Amino acid sequence: MSKLVLKNIAALRAFEGKDLPTGEWVTVTQEMINDFAKATGDDQWIHTDVEKARKFSPFKTTIAHGFLSLSLLSKLLSVMEVQSATMGVNYGLNKVRFPSPVPSGSRVRLQSRIASMESYGKNGVKITWDCTLELENSPKPACVAEFISLMFE
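Source: prediction; values computed, not measured. (Residues numbered from 1 in each chain as written. Predicted model: local features only at pLDDT ≥ 70, side-chain atom pairs only at ≥ 80, totals over all residues. Heavy atoms only, no water.)

Q: Could you give me a rundown of the overall build of the chain, with the residues and numbers involved?
A: Along the chain, the regular secondary structure elements total five helices and seven strands. Listing each helix as α and each strand as β along the chain from the N terminus yields β-α-β-α-α-α-α-β-β-β-β-β. In the chain, which comprises 153 residues, the proportion classed as buried is 37%. A sequence separation of at least 24 residues applies to 68% of the contacts in the chain between residues at least 6 apart. Positive and negative charge centroids in the chain, built from 18 and 16 side chains respectively, lie 2 Å apart. (Helix = DSSP H or I, 4+ residues; strand = E, 2+ residues; numbered from the N terminus. Buried < 20%, exposed > 50% of the residue type's maximum accessible area, 1.4 Å probe, protein only. Contact = heavy atoms within 4.5 Å. Lys, Arg positive; Asp, Glu negative; His and termini not counted. Charge placed at Lys NZ, Arg CZ, Asp CG, Glu CD.)

Printed below as a string of C-alpha coordinates:
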(Lines give C-alpha, C1' and ligand atoms only; values in the text may rest on other atoms or scores of the structure.)
Protein backbone atom coordinates (compact mmCIF):
# COMPACT_ATOMS: atom_id res chain seq x y z
CA MET A 1 0.00 0.00 0.00
CA SER A 2 1.28 3.43 -0.84
CA LYS A 3 0.20 6.25 1.43
CA LEU A 4 -1.39 9.22 -0.27
CA VAL A 5 0.51 12.29 0.97
CA LEU A 6 -0.99 15.67 0.14
CA LYS A 7 0.38 19.13 0.83
CA ASN A 8 -2.84 20.75 2.04
CA ILE A 9 -6.63 20.65 2.11
CA ALA A 10 -6.76 22.33 -1.30
CA ALA A 11 -4.92 19.29 -2.72
CA LEU A 12 -7.28 16.96 -0.84
CA ARG A 13 -10.26 18.55 -2.57
CA ALA A 14 -9.07 17.04 -5.86
CA PHE A 15 -9.86 13.61 -4.41
CA GLU A 16 -13.53 14.31 -3.74
CA GLY A 17 -15.53 11.46 -5.27
CA LYS A 18 -12.42 9.33 -5.75
CA ASP A 19 -11.20 6.12 -4.17
CA LEU A 20 -8.29 6.25 -1.75
CA PRO A 21 -5.54 3.62 -1.64
CA THR A 22 -6.57 0.27 -0.19
CA GLY A 23 -5.30 -0.16 3.36
CA GLU A 24 -3.07 -2.84 4.80
CA TRP A 25 -4.55 -5.94 6.39
CA VAL A 26 -4.95 -5.68 10.17
CA THR A 27 -5.44 -8.73 12.37
CA VAL A 28 -8.22 -8.43 14.93
CA THR A 29 -6.80 -10.34 17.90
CA GLN A 30 -8.51 -11.75 20.96
CA GLU A 31 -6.44 -9.31 23.01
CA MET A 32 -7.95 -6.38 21.06
CA ILE A 33 -11.43 -7.81 21.59
CA ASN A 34 -10.82 -8.28 25.33
CA ASP A 35 -9.39 -4.76 25.67
CA PHE A 36 -12.42 -3.31 23.87
CA ALA A 37 -14.73 -5.29 26.18
CA LYS A 38 -12.91 -3.88 29.22
CA ALA A 39 -13.04 -0.33 27.88
CA THR A 40 -16.76 -0.46 27.05
CA GLY A 41 -18.04 -2.85 29.72
CA ASP A 42 -19.47 -5.09 26.99
CA ASP A 43 -18.07 -8.46 28.02
CA GLN A 44 -20.78 -10.65 26.50
CA TRP A 45 -19.47 -14.22 26.22
CA ILE A 46 -19.68 -14.21 22.40
CA HIS A 47 -16.76 -11.76 22.50
CA THR A 48 -14.67 -12.83 25.49
CA ASP A 49 -15.27 -16.48 26.44
CA VAL A 50 -13.25 -18.52 23.96
CA GLU A 51 -14.32 -21.94 25.29
CA LYS A 52 -18.03 -21.11 25.52
CA ALA A 53 -17.95 -19.58 22.03
CA ARG A 54 -16.26 -22.70 20.66
CA LYS A 55 -19.08 -24.85 22.13
CA PHE A 56 -22.18 -22.69 21.71
CA SER A 57 -21.59 -19.95 19.16
CA PRO A 58 -22.77 -20.47 15.58
CA PHE A 59 -19.37 -19.00 14.60
CA LYS A 60 -17.43 -21.55 16.72
CA THR A 61 -15.13 -18.79 17.96
CA THR A 62 -15.35 -15.41 19.60
CA ILE A 63 -16.19 -12.43 17.43
CA ALA A 64 -15.25 -8.77 17.63
CA HIS A 65 -17.78 -6.21 18.77
CA GLY A 66 -19.33 -4.40 15.81
CA PHE A 67 -18.30 -1.13 17.41
CA LEU A 68 -14.70 -2.36 17.61
CA SER A 69 -14.77 -2.83 13.84
CA LEU A 70 -16.26 0.63 13.46
CA SER A 71 -13.68 2.19 15.76
CA LEU A 72 -10.86 0.94 13.52
CA LEU A 73 -11.96 3.30 10.72
CA SER A 74 -10.18 6.35 12.16
CA LYS A 75 -6.84 4.53 12.27
CA LEU A 76 -7.33 2.78 8.97
CA LEU A 77 -8.00 6.09 7.22
CA SER A 78 -4.30 6.77 7.74
CA VAL A 79 -3.91 5.61 4.10
CA MET A 80 -3.73 9.37 3.46
CA GLU A 81 -1.99 12.29 5.11
CA VAL A 82 -2.54 16.01 4.68
CA GLN A 83 0.73 17.64 5.69
CA SER A 84 -0.78 21.03 6.56
CA ALA A 85 -3.45 19.53 8.84
CA THR A 86 -3.06 20.63 12.44
CA MET A 87 -5.97 18.63 13.80
CA GLY A 88 -8.66 16.17 12.85
CA VAL A 89 -11.71 15.06 14.83
CA ASN A 90 -14.56 12.63 14.41
CA TYR A 91 -17.82 14.42 13.61
CA GLY A 92 -20.26 11.54 13.36
CA LEU A 93 -21.84 8.86 11.24
CA ASN A 94 -24.76 8.87 8.85
CA LYS A 95 -25.08 5.14 8.24
CA VAL A 96 -23.46 2.06 9.74
CA ARG A 97 -24.02 -1.61 9.00
CA PHE A 98 -22.23 -4.79 10.13
CA PRO A 99 -22.95 -7.31 7.33
CA SER A 100 -20.53 -9.96 8.61
CA PRO A 101 -19.11 -10.88 12.03
CA VAL A 102 -15.34 -10.58 12.56
CA PRO A 103 -13.99 -13.80 14.12
CA SER A 104 -11.04 -13.43 16.47
CA GLY A 105 -7.80 -13.77 14.52
CA SER A 106 -9.27 -12.66 11.20
CA ARG A 107 -7.96 -9.81 9.09
CA VAL A 108 -9.68 -6.65 7.90
CA ARG A 109 -8.66 -3.79 5.63
CA LEU A 110 -10.24 -0.55 4.52
CA GLN A 111 -11.57 0.44 1.12
CA SER A 112 -12.59 4.09 1.21
CA ARG A 113 -13.42 7.11 -0.85
CA ILE A 114 -14.15 10.74 -0.19
CA ALA A 115 -17.87 11.06 -0.88
CA SER A 116 -18.04 14.81 -0.27
CA MET A 117 -16.26 17.78 1.27
CA GLU A 118 -17.52 21.13 2.47
CA SER A 119 -15.85 24.09 4.10
CA TYR A 120 -16.12 24.18 7.87
CA GLY A 121 -15.36 27.39 9.69
CA LYS A 122 -12.44 29.57 8.81
CA ASN A 123 -9.76 26.95 8.20
CA GLY A 124 -11.46 23.58 8.16
CA VAL A 125 -13.28 21.08 6.04
CA LYS A 126 -16.01 18.53 6.81
CA ILE A 127 -15.31 15.27 4.99
CA THR A 128 -17.81 12.48 4.39
CA TRP A 129 -16.05 9.18 3.80
CA ASP A 130 -17.60 6.06 2.28
CA CYS A 131 -15.89 3.25 4.17
CA THR A 132 -15.98 -0.49 3.60
CA LEU A 133 -14.10 -2.66 6.06
CA GLU A 134 -13.31 -5.80 4.06
CA LEU A 135 -13.09 -9.12 5.86
CA GLU A 136 -10.46 -11.42 4.37
CA ASN A 137 -11.95 -14.51 2.67
CA SER A 138 -15.50 -13.28 3.14
CA PRO A 139 -17.96 -12.28 0.42
CA LYS A 140 -19.48 -9.73 2.82
CA PRO A 141 -17.68 -6.81 4.48
CA ALA A 142 -17.34 -6.55 8.24
CA CYS A 143 -18.58 -2.96 8.30
CA VAL A 144 -19.96 -0.41 5.86
CA ALA A 145 -20.17 3.15 7.12
CA GLU A 146 -20.65 6.73 6.04
CA PHE A 147 -18.20 8.41 8.39
CA ILE A 148 -17.81 12.16 8.86
CA SER A 149 -14.73 13.95 10.15
CA LEU A 150 -13.40 17.47 10.45
CA MET A 151 -9.90 18.52 9.42
CA PHE A 152 -8.27 21.85 10.17
CA GLU A 153 -5.18 23.66 8.86
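Q: Talk me through the packing of aromatic side chains; I want residue IDs and the actual numbers.
A: Per the counting criterion, the structure on display carries three aromatic pairs. Summarising the aromatic geometry, the rings of Tyr-91 and Tyr-120 are spaced 6.0 Å apart at their centres and angled 75 degrees between planes, so their arrangement reads as edge-to-face. Of the two residues, Tyr-91 is situated in strand E4 (residues 87-97) and Tyr-120 in strand E5 (residues 107-120); the sequence distance between them amounts to 29 residues. The interplanar angle of 70 degrees and the centroid separation of 6.1 Å between the aromatic rings of Tyr-120 and Phe-152 together place this pair among those described as edge-to-face. You can see Tyr-120 sitting in strand E5 and its partner Phe-152 sitting in strand E7 (residues 143-152), a full 32 residues away along the chain. Exposure remark for Phe-152: the relative accessible area of 15% places this residue in the buried category. What links up through ring pairs into an aromatic cluster is the set Tyr-91, Tyr-120 and Phe-152. (Phe/Tyr/Trp six-rings, centres within 6.5 Å; stacked < 30°, edge-to-face > 60°.)

Q: So what about the sheet that holds E4? Which residues, and what values?
A: Strand order in the open sheet formed by five strands is E2-E5-E6-E7-E4, with antiparallel pairing between adjacent strands. The sheet is open, and its two borders are formed by strand E2 (26-27) and E4, each paired with just one other strand. Two elements, E4 and E7, share nine bridges in a ladder whose sense is antiparallel. Residue pairing in the sheet places Arg-97 in a bridge with Val-144 of E7. Docked against the sheet, helix H5 (residues 66-76) engages E2, E4, E5, strand E6 (124-135) and E7, running at close to 40 degrees with respect to E7. (Pairing = 2+ DSSP bridges. Axes fitted to C-alpha atoms, helices over the stretch in contact; angles between N-to-C directions.)

Q: Outline the side chain of His-65, listing residues and values.
A: Among the structural elements, His-65 can be located in the loop between helix H4 (50-56) and H5. Residue classification places His-65 among the buried residues on the basis of a relative accessible area of 3%. In this structure His-65 touches Ile-33, Phe-36, Ala-37, Asp-42 and His-47, once residues within four positions along its chain are discounted.

Q: Requested: an account of the packing of helix H2 (residues 30-40) against H5, with residues and values cited.
A: With their axes 10 Å apart at the nearest point, H2 and H5 run at an angle of 100 degrees to one another. Between H2 and H5, the interaxial angle falls into the category roughly perpendicular. Residues Met-32, Ile-33 and Phe-36 of H2 form the contact with H5, whose own contacting residues are Phe-67, Leu-68, Ser-71 and Leu-72. The residue inventory of the contact of H2 with H5, partitioned by class, reads six nonpolar, one polar and no charged. (Parallel < 35°, antiparallel > 145°, perpendicular 65-115°, else oblique. Nonpolar A, V, L, I, M, F, W, Y, C, P; charged D, E, K, R; others polar.)

Q: So what's going on with the state of the cysteines? Residues and values would help.
A: The final tally for this structure, using the stated rule, is zero disulfides. Cys-131 takes part in no disulfide bond, and the closest cysteine sulfur, belonging to Cys-143, lies 8.0 Å away. Residue classification places Cys-131 among the buried residues on the basis of a relative accessible area of 1%. (Disulfide = S-S within 2.5 Å.)

Q: Hey, could you go over the layout of surface pockets for me, with residue numbers and the actual values?
A: Empty space within the largest pocket amounts to approximately 270 Å³. Gly-88, Trp-129, Ser-149, Leu-150 and Met-151 are the residues nearest the centre of the largest pocket, which is lined by 16 residues in total. Only strand E3 (80-82), E4 and E7 provide two or more residues apiece to the lining of the largest pocket. (1 Å grid on protein atoms, 1.4 Å probe; cavity = no way out; pocket = protein on both sides within 12 Å on 5 of 7 lines; lining within 4 Å. Points joined across faces, edges and corners; volume = space filled by probe spheres on them.)

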